[in-house]
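Next come the chains, spelled out residue by residue.
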Amino acid sequence: VGRKQSSRKKMTSSSPTHSDSSGSSKHDSNQDSWEIVEGLKGFPASMQEPVRQEGFLLKRRKWPMKGWHKRYFVLEKGILKYSKRGSDLKKGKLHGCIDVGLSVMSVKKKAMCIDLDTEDNIYHLKVKSPELFDEWVLKLRHHRVFRQNEIAMYPHERHLFHPHASSSPTLNDLMLPTSHQIIHLSLSLCLSDLEECESYLLELNLLLKSMEVLHRTYSAPAITALQVYVYTHTIAHIVIKLVQNIFHTTLKSAFSSLSAERDRLKHTIHMQAPQPAQVIGLKTTYSSFLSNNFESSNQDCPDSSRSLVHQVSNESKASIPESISEFFDAQEYLLSSSSSENEVSDDDSYISDVSDSVSMDTYSNEGGSERHNSVSSVVPLTRRRSTLPSPSPSSSGVSLWNILKNNIGKDLSKVAMPVQLNEPLNTLQRLCEEVEYSELLDTANQTHDPYQRMVYVATFAVSAYASSYHRAGSKPFNPVLGETYECDRADKGFRFIAEQVSHHPPVSACHCDSKNFTFWQDVRWKNKFWGKSMEIVPMGTTHVTLPTFGDHYEWNKVTSCIHNILSGQRWIEHYGEMAIKNVNNDACQCKVTFVKAKSWSSTVNEIEGVVTDRDGKVIHSIFGKWHEGVYQGDPPSATCIWRANPMPVEQEQYYGFTQFAVELNELDPSLKTLLPPTDTRLRPDQRLLEDGNIEGAEEQKQRIEQLQRERRKVLQDNNMTHQPRFFKKSKDDTWVSNNTYWEQRRDPGFSKMDFPVLW
């Protein structure tokens, strides 16, 4: 609702006169470009209801289906309803509804296409004839302004119609009640919710008392101390979540989780009962839990006795604690460098009992035993930084609309953005973030079962998206042609290099090697702005080889979409199908689906995957959330394969960086002498932004971009093409490492070599 209200402010901005409904802002005189249709201008006024429009249009199929299908559309009072046939609409059977007043509308005359961006979905429509296209565009403009005028005059009633309801509405459902009816209904619902929550709390109190009484029933089966702890831990979290929801969100998610946990506790108490000693331990554990969760002190403790303090992400809904929400015993392979101190999951079906025993070599930054012989001639950093020098600046003064309004449907890679919209990391460094959880590949290289190896490789591919969860608010710097980046992490056992090998189209190539794996890819992106959202479509293939078994895995990346580009809280989602295959052995393959969020569902960021044999038989299944963790098997006996590392304290003030991301741009004085002058860490505009110098960063950014234009002109004037220094084209036309970086770094050393002046 807040996002919609923000967008309405732009739509209903003051103007001396009431605008004609046919007003539009043209991006280009060429009919091949997209034209965004303007909305209501001026003050709301009485308007004549526009004429009803109906007929067949072509509508692009929703993902994952491809192509177009014909649907019958009816446009009435600013609401566009559609179904398979006109007779279905007369019967009240709808396939969907679009509120054109709350949509960003853009048209492309030459292709006879109409796009409606509703924030949750983008509807692509196509008309067969130019005359019919002009007629529909004209009617849509009239209805859109009429609907926006209606919303402006009756703001309390604008959200009563929800075009994405889970069940198809009938025509009678679209009747709008009065404002008095809305207020009365809202008060009634609130009172009902409060009464239901109160009854649940009373019932939970009785359940606790029952657990104390049941110790007298000596014939009842005993339960473990951990399960006793689970009961009270869960009840306490329910109370905490209830309070949080009363003050911060709504009561809906609170009493729904209360209901689920009440039923679970009922069932467990009827089946099991604690013995007297365990009841005594229950009280002690319960008191300890309350002190851990409500006291402000959070002291460091050894790995063997880590307190279960959970961090809650900005976007997370209230949910039960992830480490103890399922009552089952499950072996767990916890491969991320984190303990159970992690984010609370949105969905308790993804949770398992989590062991806190994580090997010290995963945590260590003290230069312990190296898993791989590094060529670095300096001692690794004994302690890496835990925060950035300066928090992220405010971008409230930047008008994205003025920048993007002329680029609807276009590739944004060539559009210059102000530095306030950037984060102090580069696209090459973003590629390095994909190997943060390289321990998954280390484990895969030591796993003899080929199907289980595929599970670890697939989980590694999913983990590459985890760091993007908190990063929708900013974009990385675009590398200039010839820019490089290295990351030599002896503590993680890998060496990573990346280079910008092409500028138009922009292509970034990277290579990472370890004694347990080799990882490489070249990636190019197509970015398209659709009015309220921006789609990022990656092209290219990711490769991983495991030397122990001679495996060579390949997979594609999925589509990413950033929502609420212009107003509201930006958020990112990934959707599509990722196909993973072993090109050296077809014994098994894997398909992972990144599920697209639905407006009527609270579940987001979900992934589902299956590992099959050559005959298509499912051997293993995985599920989870790409920003939280991946589980193997079926609930409740699922095994946790990977869990994302906990976020640093106050990460929202520092671009949403993970701890790994915070370390990527760190420049140790001893390392500086070994880097080539083209390394990203030496780029002045990025360094100035990291230090909080916005004006200096913007000045340097423009200077660096101008230098790149001048170098490109020199190449064109002399009929020359840029030759990457550390990557070469392979037989299949992809960029691969030429295996010279680390040798040249050692002898003769980059300081003795010539490089182009990039900044």
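Because the structure is a prediction, the values reported are computed rather than measured.

(A) How the structure looks around the overall build of the chain. Each helix and strand counted, the chain has 17 helices and 26 strands in total. Burial statistics for the chain: of 759 residues in total, 51% are counted as buried. Taking the intrachain contacts of the chain between residues at least 6 apart in sequence as the baseline, contacts between residues at least 24 apart amount to 64%. In the form shown here, the chain has an accessible surface area of approximately 35800 Å², with 52% of it arising from carbon and sulfur atoms.

(B) A look at the pattern of salt bridges. Per the counting criterion, the structure on display carries 29 salt bridges. For Asp 491, the salt bridge identified is with Arg 489, shortest N-O distance 2.8 Å. The salt bridge partner of Glu 573 is Lys 596, with a shortest N-O separation of 3.5 Å. Pair noted here: Glu 573 is in strand 19 (residues 571-582) and Lys 596 is in the loop between strand 20 (588-594) and strand 21 (606-613), with a separation of 23 residues, a long-range link. We note that Glu 573, like Lys 596, is buried. Because the salt bridges share partners, they merge into one network encompassing Arg 52, Glu 54, Glu 76 and Lys 81.

(C) Representation of the pairing of strand 13 (residues 507-513) within the structure. Along strand 13, seven of the seven residues are buried, which leaves the element largely enclosed by surrounding structure. Pairing between strand 12 (residues 494-502) and strand 13: seven bridges, direction antiparallel. Residue Arg 495 lies in a different strand from strand 13, and its bridge partner there is Asp 513. Between strand 12 and strand 13, which pair antiparallel one after the other, the connecting turn spans four residues. In this structure, strand 13 lies alongside strand 14 (residues 518-529), joined through six bridges in antiparallel fashion. Across the sheet, Ala 509 pairs through a bridge with Asp 522, a residue of strand 14. Counting the residues that bridge the hairpin from strand 13 to strand 14 gives four residues.

(D) How the structure looks around the nonpolar core. Phe 496, Trp 555, Met 578, Ile 580, Val 592 and Phe 594 are the most contacted members of the largest nonpolar core, which has 74 residues in total. With eight residues, helix 12 (residues 450-463) is the single largest residue contributor to this core. Not counting the four nearest positions on each side in its chain, Val 592 is found in contact with Ala 458, Val 462, Gly 576, Glu 577, Met 578, Ile 580, Ile 607, Glu 608, Gly 609 and Ile 622. Core analysis: the second largest hydrophobic core is formed by 20 residues, Ile 98, Val 100, Ile 114 and Leu 140 among them.

(E) How the structure looks around the side chain of Glu 499. Looking at the secondary structure, you find Glu 499 in strand 12. Buried charge Glu 499 goes without a salt bridge, the closest partner of opposite sign being Arg 725 at 6.4 Å. There is a polar contact of 3.0 Å between the side chain of Glu 499 and the backbone nitrogen of Arg 725. Here Glu 499 is in contact with Leu 428, Gly 482, Glu 483, Thr 484, Val 507, Ser 508, Ala 509, Pro 724, Arg 725, Phe 726 and Phe 727, once residues within four sequence places are set aside.

(F) Summary view of the confidence of the model for the chain. A residue-level look at the chain finds 63% of positions with pLDDT of 70 or above and a mean pLDDT of 74. Contacts of residues 248-254 to residues separated by more than four positions or lying in other chains number 10 contacts, the stretch itself having pLDDT below 50. Here residues 270-280 is modelled with pLDDT under 50, and outside its nearest four sequence neighbours on either side it reaches 28 contacts, counting other chains as well.

(G) Quick look at the side chain of Asp 117. For Asp 117, the location among the structural elements is in strand 7 (residues 113-117). Engagement of the side chain of Asp 117 in a polar contact is seen with the backbone nitrogen of Ser 533, the distance being 3.4 Å. Among all residues touching Asp 117, those that are not within four sequence positions of it are Leu 102, Ser 103, Val 104, Ile 122, Trp 530, Gly 531, Lys 532 and Ser 533.

(H) Focus on the environment of Gln 708. Tracing the chain through its elements places Gln 708 in helix 16 (residues 694-717). What makes Gln 708 buried here is its relative accessible area of 9%. Between the C-alpha atom of Gln 708 and that of Val 757, which follows or precedes it by 49 residues, the distance is 9.5 Å. In this view, Gln 708 contacts Val 480, Leu 481 and His 503; residues no more than four positions away in its chain are not counted.

(I) Examining the sheet that holds strand 4 (residues 79-83) more closely. Across the sheet, eight strands lie side by side as 1-6-7-8-2-3-4-5; this open sheet has antiparallel pairing. Of all strands in the sheet, those bounded by a partner on one side alone are strand 1 (35-36) and strand 5 (96-99). Strands in contact with helix 3 (residues 130-153) are strand 1, strand 2 (53-60), strand 3 (68-76), strand 4, strand 5, strand 6 (104-108) and strand 7; relative to strand 6, the strand with the most contacts, it is inclined by about 165°.

(J) How the structure looks around unusual backbone geometry. Omega for the bond connecting His 504 with Pro 505 falls within 30 degrees of zero, at 0°, which places this linkage in the cis form. If you trace the backbone, Pro 505 turns up in the loop between strand 12 and strand 13. Residues Pro 635 and Pro 636 are joined by a peptide bond in cis, for which omega reads 5°. Tracing the backbone shows Pro 636 in the loop between strand 23 (629-632) and strand 24 (639-643). Positive phi outside glycine occurs at Met 112, with the angle close to 55°. With respect to the element layout, Met 112 can be found in the loop between strand 6 and strand 7. The backbone phi angle of Asp 733 is positive, close to 70°, even though this residue is not glycine.

(K) How the structure looks around the environment of Met 753. By the secondary structure assignment, Met 753 is in the segment after helix 17 (741-746). A sequence separation of 77 residues divides Met 753 from Pro 676, and the C-alpha atoms of the two residues are 8.6 Å apart. Residues within four places of Met 753 in sequence aside, it is in contact with Arg 725, Gln 744 and Pro 748.

(L) Structural context of helix 12. Its 14 residues give helix 12 an end-to-end C-alpha distance of 20 Å, which sits within 8% of 20 Å, the value for a rise of 1.5 Å per residue. Burial within helix 12 is extensive, with 12 of its 14 residues counted as buried. For helix 12, the set of buried residues is Gln 452, Arg 453, Met 454, Val 455, Tyr 456, Val 457, Ala 458, Thr 459, Phe 460, Ala 461, Val 462 and Ser 463. The N-capping residue of helix 12, defined by a side-chain oxygen 3.0 Å from the backbone nitrogen of Tyr 451, is Asp 449.

(M) Summary view of the pairing of strand 9 (residues 422-426). Burial of strand 9 is extensive: five of the five residues sit out of reach of the surface. Of the two faces of strand 9, the one carrying Asn 422, Pro 424 and Asn 426 and the one carrying Glu 423 and Leu 425 are both buried.

(N) Region of the structure containing the packing of aromatic side chains. Per the stated rule, a full pass over the model turns up 16 aromatic pairs. Both rings, one in Phe 726 and one in Phe 750, keep their centres 5.9 Å apart while their planes meet at 70°; by these two values the pair is edge-to-face. With Phe 726 in the loop between helix 16 and strand 25 (727-729) and Phe 750 in the segment after helix 17, this pair connects stretches of sequence that are 24 residues apart. Above the plane of the ring of Phe 56 lies Lys 70, whose end atom (NZ or CZ) is 5.1 Å from the centre. The ring of Tyr 575 has Lys 596 lying over it, and the distance from NZ or CZ to the ring centre is 3.9 Å.

(O) Quick look at the environment of Asp 99. Within the secondary structure, Asp 99 is located in strand 5. Residue classification places Asp 99 among the buried residues on the basis of a relative accessible area of 2%. It is 9.3 Å that separates the C-alpha atoms of Asp 99 and Leu 116, two residues lying 17 residues apart in sequence. Here Gly 101 takes part through its backbone nitrogen, which lies 3.1 Å from a polar atom of the side chain of Asp 99.

Cut-offs applied
- Position labels on residues start from 1 in each chain and follow its written sequence.
- Given that the model is predicted, a residue must reach a pLDDT of at least 70 before its local features are reported, and side-chain atom pairs must reach 80 or more before they are shown or counted; all residues, however, enter totals for whole chains, interfaces and linings.
- Hydrogen atoms and water are omitted, and side-chain values are computed over all heavy atoms in the structure.
- Runs of H or I in DSSP of at least four residues are treated as helices and runs of E of at least two as strands, each being numbered from the N terminus.
- Remark: exposure states derive from per-residue accessible area (1.4 Å probe, protein chains only) relative to the maximum for the residue type, with buried under 20%, exposed over 50%, and partly exposed in between.
- Any two residues whose heavy atoms approach within 4.5 Å at even a single point are treated as in contact.
- Methods summary: accessible areas were calculated by the Shrake-Rupley approach with a probe of 1.4 Å, and residue burial reflects only the protein chains presented.
- One side-chain nitrogen of Lys or Arg within 4 Å of one carboxyl oxygen of Asp or Glu is enough to make a salt bridge.
- Pairing between strands requires that DSSP locate at least two bridges from one strand to the other.
- Each nonpolar core is a collection of buried residues, namely Ala, Val, Leu, Ile, Met, Phe, Trp, Tyr and Cys, held together in the definition by side-chain atoms within 4.5 Å.
- Charge counting treats Lys and Arg as positive and Asp and Glu as negative, with His and both chain ends excluded.
- Pairing of N or O atoms within 3.5 Å defines a polar contact, subject to two protein rules: one partner must be a possible hydrogen donor and the other a possible acceptor, and residues neighboring in sequence count only if both atoms are side-chain atoms.
- Known as pLDDT, the predictor's confidence for each residue is given on a scale from 0 to 100.
- The axes used here are C-alpha line fits, helices contributing only the stretch in contact, and every angle between their N-to-C directions lies in the interval 0 to 180 degrees.
- Multiplying one less than the number of residues by 1.5 Å gives the expected span of a helix.
- Stacked, tilted and edge-to-face are the three classes assigned to paired rings of Phe, Tyr and Trp, where Trp is represented by its six-membered ring and a pair needs centres within 6.5 Å; plane angles under 30 degrees give stacked, over 60 edge-to-face, the rest tilted.
- Only Lys NZ and Arg CZ are tested; either one counts as a charge over a ring when it is within 6 Å of the ring centre and within 35 degrees of the ring normal.

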